[in-house]
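Understanding the architecture of this molecule
What follows is each chain in one-letter form.
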Amino acid sequence: MSLKAGIVGLPNVGKSTLFNAITKQNILAANYPFATIDPNVGIVTVPDSRLTFLENMYVPKRTIPTSFEFTDIAGLVAGASRGEGLGNKFLAHIREVDAVVEVVRCFDNSDVIHVSGSVDPIRDIEVINVELVLSDLEIVENRLGKITKKAQTTKDKDALLEYEVLSKCQKALLNNEPIRSIDDFSDDELNYLKNFQFITAKPIIYVANVSEDDAIVGKNKYTEEVRKYAEEHNSLVIVMCAKLESELVEYEESDKRTFMESLGITSTGLDQLIFATYHLLGLETFFTVGKDECRAWTFKSGTSAKKCAGLIHSDIERGFIKAEIMKFDDLQSLGDEKSVQEAGKLYLEGKDYIMQDGDIVYFRFNV
């Protein structure tokens, strides 16, 4: 399944440096606004020690980790919702992602120009968020202008539902609150909301970009401000140094671990961001294994076995019979498939079985 996270922020906060590190690509990362004009897209693999274990056990011809896309979107500025700094074009790109990663500058450096002239992470967050709110509000009010009369005069069921959804969105946005903050949508309204690509309805993670020294400590005065803000808005914060992360990706794995140990770092900021984004979207992983291939597959939490079969191929979903399921923990503790089966821990599940994170599955089907 195709999943995307979009990296946004003001110019010169470290977005492109972070993107370089994430994707190991060498895109333009210049010290001036709008160095990134078109969105840059990179495929990110999700680190998973379970897949490494399965690879060592089955020694397949190929191993395929699960992945999703990170899109680096050019720097937004105040007035983006009105087209400032090519804002409308960039906002359109954000609408296409599933989650927003907002990079916030949390370091002092006179050599790196700040578009507003000083470092103030909360001000920067609010500049971005106001533009996203205004962009969504424009869409809401344009649509309400077209359907309000129909909803009130004809009592058309779909028109009434759309009117209720958009009215709730309008109320929140006029109060400068994102759509994700609305907690009284019904299930029908939530489903209808998906018809729109509202930016402020998307989940968000704040990346507090700090200096190398502060990355080792894990905080500074700016990051504490961002944490407080995020807690008040039910959001996540990842503290990292984009510059350090971009250097770490150049190391061989063993050298990287040695260097990290010397700094007292147990996990990279990139790994933390990837895991956080993956789980923010409600994603889990199942595995298919064998001598030809060991592969991790991404699925939405709560998805049935039959629907997960369709992620592999539509024919498998269409001809689904049963799913043979092993739990990764059982395979790891018992040592091999035969021992799992002898212990009575190989399960046959039907189409309505809800797949669990870490399931190892073989789908029986007939077409």
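Look up: the structure comes first, before these words.
The written sequence of each chain sets the order in which its residues are numbered from 1. Where totals are concerned, whole chains, interfaces and linings use all residues; where local detail is concerned, this predicted model gives features only for residues with pLDDT of at least 70, and gives and counts side-chain atom pairs only at 80 or more. Side-chain measures here rest on the full set of heavy atoms in the structure, leaving out hydrogens and waters.

1. Focus on helix H12 (residues 305–312)
Throughout, exposure labels follow a simple rule: accessible area from a 1.4 Å probe, protein chains only, divided by the maximum for the residue type, with under 20% read as buried, over 50% as exposed, and the rest as partly exposed. By definition, any uninterrupted DSSP run of H or I lasting at least four residues is a helix, any uninterrupted run of E lasting at least two residues is a strand, and each is numbered from the N terminus. Of the positions making up H12, those classed as buried are Ala 305, Cys 308 and Ala 309. Along the axis of H12, the buried residues cluster in a sector spanning 105 degrees; they form a single face. Throughout, a contact is declared for two residues whenever any of their heavy atoms are within 4.5 Å. The elements touched by buried residues of H12 are strand S8 (283–288), strand S9 (293–300), helix H13 (314–318), strand S10 (320–327) and strand S12 (359–365). By arc we mean the arc of the directions from the helix axis to the C-beta atoms, nothing more.

2. Some points on the nonpolar core
Here, nonpolar core refers to any group of buried Ala, Val, Leu, Ile, Met, Phe, Trp, Tyr and Cys residues whose side-chain atoms link them within 4.5 Å. Leu 18, Phe 70, Ile 94, Tyr 206 and Leu 273 are the most contacted members of the largest nonpolar core, which totals 59 residues. Within the second largest apolar cluster, 17 residues are counted, among which are Leu 137, Leu 144, Val 165 and Leu 166.

3. Quick look at the sheet that holds strand S4 (residues 67–72)
Strands pair, by our definition, only if DSSP identifies at least two bridges between them. With respect to topology, six strands assemble into an open sheet ordered S2-S4-S1-S5-S6-S7, the strand pairing being mixed. Pairing within the sheet leaves two strands with one partner each, and these edge strands are strand S2 (40–45) and strand S7 (236–240). Averaged over all pairs of adjacent strands, the angle between strand axes in this sheet comes to 25 degrees, irrespective of strand direction. As judged from the six bridges shared by strand S5 (residues 99–105) and strand S6 (residues 204–209), these two strands associate in the parallel manner. Considered in S6, the bridge of Val 104 is made with Ala 208. Comment: axis = line fitted to C-alpha atoms, over the contacting stretch for helices; angle = value between 0 and 180 degrees taken between N-to-C directions. Helix-sheet contacts for helix H4 (residues 121–154) involve S5 and S6, and the interaxial angle to S5 is about 145 degrees.

Any functional reading would require information beyond the geometric quantities listed.
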